[in-house]
Amino acid sequence: MSDELHFDLTLYPEPILRKRAEPISAFDSALKRTVVAMYERMFESKGVGLAAPQVGLKQRILVVNPTGDRKDDLTLVNPTISAKAGDDTLFEEGCLSFPGIYAEIKRPERCTVVAFDVDGNRIEKEFDGFVARIIQHEFDHLEGVLLVDRMSPTDKLKNRGALEELVERYQRRLRKSAAQG
Ligand code: ZN
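Conventions we followed
- Residues numbered from 1 in each chain as written.
- Predicted model: local features only at pLDDT ≥ 70, side-chain atom pairs only at ≥ 80, totals over all residues.
- Heavy atoms only, no water.
- Helix = DSSP H or I, 4+ residues; strand = E, 2+ residues; numbered from the N terminus.
- Rg over C-alpha atoms; globule rule 2.2 N^0.38 Å.
- Buried < 20%, exposed > 50% of the residue type's maximum accessible area, 1.4 Å probe, protein only.
- Contact = heavy atoms within 4.5 Å.
- Areas by Shrake-Rupley, 256 points an atom, 1.4 Å probe, with all protein chains shown as cover.
- Donors = N, O, S within 2.8 Å, 3.2 Å for Na, K, Ca; no water.

(A) Looking closely at the overall build of the chain. Helix and strand counts for the chain stand at five helices and five strands. Its helices and strands taken in sequence order, the chain reads α-β-β-β-β-β-α-α-α-α from the N to the C terminus. On C-alpha atoms alone, the chain measures out to a radius of gyration of 17 Å, which is about the 16 Å that the 2.2 N^0.38 rule sets for 181 residues. Oriented by its inertia axes, the alpha-carbon framework of the chain measures out at about 50 × 45 × 30 Å. Taking all 181 residues of the chain together, the buried fraction comes to 41%. Sequence separation of 24 or more characterises 67% of the internal contacts of the chain that already satisfy a separation of 6 or more. Of the roughly 9800 Å² that the chain leaves accessible, carbon and sulfur atoms contribute 50%.

See the structure below:
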């Protein structure tokens, strides 16, 4: 028997993606298993960051890895962004909860994060470039803020068909589970 967790991705417009996630209070084995399974899900889906609400958990946990090299794993529990700095830059973002959708999003170049690692050690660090971008995107997920909220009207129009398709897929899943229920 395996005690490993396996997570499926939560896709837009699942309601949990709109909820504010809750702080972790125990740095225990359950948290460690969750984090291991989040990395597994992220790497399988070829993502560079994943927030717990994206696997259906209302918890303030982020996993980040900009390169795919395991030495670059960055686990942030109960993170806060204490400062942002640098110029606002535009960069194309995707999101595992919005398959096939990309949009140019404006964010500051640098951010300072205060968080805890999986063992409960405090981390305070300034990040820049791609990692700072990923952290800001994933942090949004903990507040229920999504790619679609930050898109320009042009990108919204460009992605309108794909967004509608996601909503239709969600409604089909709801009807299916109601029929089975
Ligand atoms: Zn995302």
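Having seen the model, we can carry on.
(B) Region of interest: the coordination of the zinc ion. Looking at the zinc ion, the protein donor atoms are Cys95 (SG), His137 (NE2) and His141 (NE2), and they sit 2.0 to 2.2 Å from it. When the donor residues of the zinc ion are listed from N- to C-terminus, their spacing reads C-x41-H-x3-H. With cysteine 95 in the loop between β3 (74-93) and β4 (103-116) and histidine 141 in helix α2 (residues 129-142), this residue pair connects regions lying 46 residues apart in the sequence. Residue histidine 141 is classed as buried on the basis of its relative accessible area, which comes to 1%.

(C) Quick peek at unusual backbone geometry. Of note, the amide linkage connecting tyrosine 12 to proline 13 takes the cis form, showing an omega dihedral of 0 degrees. With respect to the secondary-structure elements, proline 13 resides in the segment before α1 (29-44). Phi at lysine 46 is positive, roughly 60 degrees, even though this residue is not glycine. With respect to the element layout, lysine 46 can be found in the loop between α1 and β1 (49-51). One non-glycine residue with positive phi stands out, namely asparagine 78, at about 50 degrees. Among the secondary structure elements, asparagine 78 is positioned in strand β3. Given a relative accessible area of 17%, asparagine 78 falls into the buried group.

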